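Tertiary structure, described
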Amino acid sequence: MGAQDLPREYRAGGRKAAVALTVLGLMTLGWLVEAWTEELIPYWAKLLSSAVALFVAGIVVTVPRSGTSADRTGLKVKGPLRTRRLAWSEIQDIEARPVGGASLGEGLVPTVVTYAHRAGGRRLTLLHLNDMYYDVDREVGVLRAAWTELRDAG
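What comes next concerns the included structure. Everything quoted here is computed from the prediction, not taken from an experiment.

**Observations concerning unusual backbone geometry**
Of note, the amide linkage connecting Leu 6 to Pro 7 takes the cis form, showing an omega dihedral of 5°. Tracing the chain through its elements places Pro 7 in the segment before strand E1 (8–11).

**A word on the layout of surface pockets**
Each pocket or cavity is described by its volume, and for the second largest pocket that value is around 150 Å³. Lining the second largest pocket we find Thr 62, Val 63, Ser 66, Pro 80, Pro 110, Val 113, Thr 125, Leu 126, Leu 127, His 128, Leu 129 and Asn 130. The element that contributes the greatest number of residues to the lining of the second largest pocket is strand E7 (residues 123–130), accounting for six residues. A class-by-class count of the residues in the lining of the second largest pocket yields seven nonpolar, five polar and no charged.

**Here we look at the pattern of salt bridges**
Per the counting criterion, the structure on display carries five salt bridges. Among the salt bridges present, the one from Glu 95 reaches Arg 97, with a minimum N-O distance of 2.9 Å. Arg 138 is paired through a salt bridge with Glu 139; the nearest N and O atoms lie 2.8 Å apart. Exposure remark for Arg 138: the relative accessible area of 45% places this residue in the partly exposed category. Here the residues in one salt-bridge network are Arg 8, Arg 138 and Glu 139, joined through shared partners.

**A few points about a nonpolar patch on the surface**
Together, Trp 31, Trp 44, Leu 48 and Val 52 make up a nonpolar patch on the protein surface, roughly 450 Å² of accessible area in all. Considering each element in turn, the nonpolar patch owes the most residues, three residues, to helix H2 (residues 43–62). Counting through the fold element by element, Trp 31 comes out in helix H1 (residues 14–37).

**Thoughts on the pairing of E7**
Note: strand E6 (residues 112–118) against E7, four bridges, orientation antiparallel. Across the sheet, the residue bridging to Tyr 115 is Thr 125, located in E7. Linking two consecutive strands that pair antiparallel, namely E6 and E7, is a turn of four residues; a positive phi of about 85° is found at Gly 120 within it.

**Looking at the pairing of strand E4 (residues 83–87)**
For a regular strand, side chains alternate in direction, first toward one face of the sheet and then toward the other. Bridging between strand E3 (residues 74–78) and E4 involves five bridges; their strand directions are antiparallel. Of the residues in E4, the one forming a bridge with Lys 76 is Arg 85. What sits between E3 and E4 in their antiparallel hairpin is a turn of four residues.

**A few points about the environment of Glu 34**
Relative to the helices and strands, Glu 34 is located in helix H1. Residue classification places Glu 34 among the exposed positions, given a relative accessible area of 55%. For the pair Glu 34 and Ser 49, spaced 15 residues apart in sequence, the C-alpha separation works out to 10.0 Å.

**What to know about the nonpolar core**
Within the largest apolar cluster, 20 residues are counted, with the highest numbers of intra-cluster contacts made by Leu 75, Trp 88, Ile 91, Ile 94, Leu 126 and Leu 143. When contributions to this core are tallied by element, the ones reaching two or more residues are E3, strand E5 (91–98), E7 and helix H3 (136–150). The element best represented in this core is H3, accounting for six residues. The residues contacting Ile 91, other than those within four sequence positions of it, are Leu 75, Leu 86, His 117 and Trp 147.

Reading the values: the criteria
- Residues numbered from 1 in each chain as written.
- Predicted model: local features only at pLDDT ≥ 70, side-chain atom pairs only at ≥ 80, totals over all residues.
- Heavy atoms only, no water.
- Helix = DSSP H or I, 4+ residues; strand = E, 2+ residues; numbered from the N terminus.
- 1 Å grid on protein atoms, 1.4 Å probe; cavity = no way out; pocket = protein on both sides within 12 Å on 5 of 7 lines; lining within 4 Å.
- Points joined across faces, edges and corners; volume = space filled by probe spheres on them.
- Nonpolar A, V, L, I, M, F, W, Y, C, P; charged D, E, K, R; others polar.
- Salt bridge = Lys/Arg side-chain N within 4 Å of Asp/Glu carboxyl O.
- Buried < 20%, exposed > 50% of the residue type's maximum accessible area, 1.4 Å probe, protein only.
- Patch = residues over 30% accessible without salt bridge, like charges linked within 9 Å, V, L, I, M, F, W, Y side chains within 5 Å.
- Areas by Shrake-Rupley, 256 points an atom, 1.4 Å probe, with all protein chains shown as cover.
- Pairing = 2+ DSSP bridges.
- Core = buried A, V, L, I, M, F, W, Y, C linked by side-chain atoms within 4.5 Å.
- Contact = heavy atoms within 4.5 Å.

Shown next, in the form of structure tokens:
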């Protein structure tokens, strides 16, 4: 394992993500239609429901586009609002950690997430590199091997 295993792409994908996003979108749409067709609901609550619906729509649109990629230059983490890049030389460690309090049910939320540690103790969550979608131990091994090989090259 090492740089020869790059590039790698980690995204929320597959059937679980599609089903979850579809259910979230449909539930929000149903809630919005009910709020706007019910005469007893005050106008301010209807506006608030529209704001919440826009927020949920943002989630539904941005989650499939977000993710983490690794190539010979380093890591790129594309979030909903911005993209962060880390050169291999900027990374101090890559690790997976269990998430505390994940009690929504097995398979609905990750129980292990992955971080890249930067100088100064700051860490960056590697989006979608978690146990819902990937074999985290294997993927962290691949990234650590590439990091060890490439950190002094850049």
